[in-house]
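Tertiary structure, described
Spelled out, the chains give:
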Amino acid sequence: MIKLIVSDMDGTLVNDEKKIDEEIYQILPKLKEMGTRFVVASGRQYPSLCSDFKEHVKDVVIVSENGAFIMDNGKELYARCMTKKEVKACLDAVGQFPGLSPLLCAKHCSYTTSQEMLEFLASPKFNYTMALADNLYEVEDDIIKVSIIVLDGKPAEEYYRLLRPVLADGLSLVTSGPDCLDTGICGVNKGTAVEALQQMWNITPEETMVFGDQYNDIEMFGKAYYSFAMQDAVEGVKKKARFQAGSNNEGGVVKAICQITGI
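Now for a look at the structure at hand. (Residues numbered from 1 in each chain as written. Predicted model: local features only at pLDDT ≥ 70, side-chain atom pairs only at ≥ 80, totals over all residues. Heavy atoms only, no water.)

1. Focus on the overall build of the chain
To keep things clear, this is the line we draw: Every helix listed is a DSSP run of H or I at least four residues long, and every strand listed is a run of E at least two residues long, numbered separately from the N terminus. The size measure is the radius of gyration over C-alpha atoms, and the globule rule it meets is 2.2 Å times the number of residues to the 0.38 power. Burial classes follow relative accessibility: with a 1.4 Å probe on protein chains only, a residue under 20% of its type's maximum area counts as buried, one over 50% as exposed, and anything between as partly exposed. The contact rule is simple, with two residues in contact once any of their heavy atoms fall within 4.5 Å. The Shrake-Rupley method, run with a 1.4 Å probe sphere, supplies the accessible areas, and residue values consider only the shown protein chains as cover. Neither His nor the chain termini are counted; the positive set is Lys and Arg, and the negative set is Asp and Glu. Taken as the charge centre is NZ of Lys, CZ of Arg, CG of Asp or CD of Glu, depending on the residue.
Broken down by element type, the chain carries nine helices and 14 strands. Taken over C-alpha atoms, the radius of gyration comes to 18 Å for the chain, in line with the 18 Å a tight globule of 263 residues would show. Structurally, the chain occupies a C-alpha span of about 50 × 35 × 35 Å along its principal axes. Burial analysis of the chain (263 residues in total) assigns 54% to the buried set. Taking all contacts inside the chain whose residues are at least 6 apart in sequence as the whole, residues at least 24 apart take part in 58%. For the chain, the exposed surface amounts to about 11,900 Å²; the carbon and sulfur share of it is 48%. For the chain, the distance from the average position of its 27 positive side-chain charges to the average position of its 38 negative side-chain charges is 4 Å.

Put into C-alpha cells, the structure is as follows:
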C-alpha cells in the first residue's frame, strides 16, 4: 500500500503556464481516506505553495526551499537556517557574475534588491511574498536558502559549472529550473526531507511515491521505490528515476497516482 506521495511542483504538478493540475484537489480527500499522506516538495517558498492549494492546504504537507522548511497545516515540523557566514559566502560567489541575481529566502518571505524581480515574483503567476532590501548583506531574518536567478539567457547548467568552483565548502548548489539555481547547506535537500517524514510517520521507501523533473529532485528519488520522472524531465534526471510519468501539461502526476493506488 502507498502511504506517502511526494510531488515536485513546477514542471511536475504545475503545467508550463504555472497553473496547478486542479484534479489533485479531487483526489486529496480520497488519499486521506486511504491513510495516504500527500506532500509537495519544491524549491519555491512556503507562502507561494500555500496559494496553489488554497482551501485544500490543510490536506497537504509542504516541503519548501528544497527541503529546508517543512510545514503541516500551519505547524512547523522542520527548519534548517543558514549562518550569516554561509549567506555571505553565497552572496560573495554570486556577486562575481553580473548575469546572476541572488534572492535571499527566509521561511515566510524572500528578499531582493531589484524592484523588477520583486514585482515579477509577487505577481499572480508566482504569488511570492517579497520584500525589497537596500543591501542583501544587511537583511535581518532567518535565511534558509539563496536562490540564484539567471538574467542573461545562459543555461543554468553553464552557471553551475562556473559557480561550483568558487562556492565555499559546505554549501550545496543545484539547478532547479532552466534559469534558476539554488544554494544552501550541504546535506539539506528534498531527499533528506522525505526521509525525515518517513521516519516521523514510520513509512518505508516501498510505500512511497515521488515525482520530479529537475536535478533538485534526484535525492528524493532515492527514498522511494516508486520514483517517477516526468515526461519532459531533464534527461539526466530521467536516468535516476525508476518510472516515467506523463506530461505535466496533461495531468501526468494525478494519472500515475490513480493508476498505482487504484483510486
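2. Some thoughts on the nonpolar core
Stated formally: Residues belong to one nonpolar core when they are buried, are Ala, Val, Leu, Ile, Met, Phe, Trp, Tyr or Cys, and are joined through side-chain atoms within 4.5 Å.
Counting residues in each nonpolar core, the largest one holds 60 residues, and the members touching the most others are Leu-13, Ile-24, Phe-38, Phe-53, Leu-104, Phe-211 and Ile-257. With near-sequence residues (within four places) excluded, Leu-13 lies in contact with Ser-7, Asp-8, Lys-19, Ile-20, Asp-21, Ile-24, Phe-38, Val-40, Phe-53 and Val-253. Val-6, Trp-201, Phe-221 and Val-237 belong to the second-largest nonpolar core, a separate cluster that totals 20 residues.

3. Regarding the sheet that holds strand β9 (residues 143-150)
Applicable threshold: At least two bridges found by DSSP between two strands are what make those strands a pair. Lines fitted to the C-alpha atoms define the axes, with helices restricted to the stretch that makes contact. Angles between their N-to-C directions range from 0 to 180 degrees.
Ordered in space as β8-β7-β6-β9-β11-β10, the six strands form an open sheet in which the pairing is mixed. The open sheet has two edge strands, β8 (130-132) and β10 (171-177), and neither has a second partner. Strand-to-strand, the axes of this sheet are offset by a mean angle of 25°, without reference to chain direction. Contacts between helix α3 (residues 84-94) and the sheet are confined to β6 (100-106), β9, β10 and β11 (180-185), with β6 contributing the most and set at about 165° to the helix. Sitting on the sheet, helix α4 (residues 115-122) is in contact with β6, β7 (110-112), β8 and β9, with an inclination near 170° to β8.

4. Things to note about a negative patch on the surface
The test is simple: Patch members must show over 30% relative accessible area and no salt bridge, and they are joined within 9 Å when carrying like charges or within 5 Å when they are nonpolar side chains of Val, Leu, Ile, Met, Phe, Trp or Tyr. One speaks of a salt bridge when a side-chain nitrogen belonging to Lys or Arg is within 4 Å of a carboxyl oxygen belonging to Asp or Glu.
On the surface, Asp-16, Glu-17, Asp-232 and Glu-250 cluster together into a patch of negative charge. Turning to its location among the elements, Asp-16 is positioned in the loop between β1 (4-7) and α1 (23-34). Among the residues examined, Asp-16 registers a relative accessible area of 56% and is labelled exposed.

5. Quick look at the state of the cysteines
Put simply, the test is: Cysteine sulfur atoms are paired as a disulfide whenever they fall within 2.5 Å.
If you walk through the whole model with that rule in mind, you get zero disulfides. Cysteine Cys-105 is unpaired, with the sulfur of Cys-180 as its nearest cysteine sulfur at 8.2 Å. The class for Cys-105 is buried, based on a relative accessible area of 1%. You can see Cys-109 has no disulfide; the closest cysteine sulfur is in Cys-105, sitting 9.5 Å from it. Judged by relative accessible area, Cys-109 falls into the buried class, the value being 13%.

6. Quick word on the sheet that holds strand β4 (residues 69-72)
Each strand in a sheet pairs with its neighbour through backbone hydrogen bonds, running either in the same direction (parallel) or in the opposite one (antiparallel). Taken together, the eight strands give an open sheet; going across it, the order is β5-β4-β3-β2-β1-β12-β13-β14, and neighbouring strands pair in mixed fashion. Unpaired on one side and paired on the other, β5 (75-79) and β14 (243-244) mark the two borders of the sheet. Summarising the sheet, β1 and strand β2 (residues 37-41) pair through four bridges and their orientation is parallel. The residue of β2 that forms the bridge with Leu-4 is Arg-37. Running over the sheet, helix α2 (residues 46-53) touches β2, β3 (61-64) and β4 and is turned about 145° from β3.

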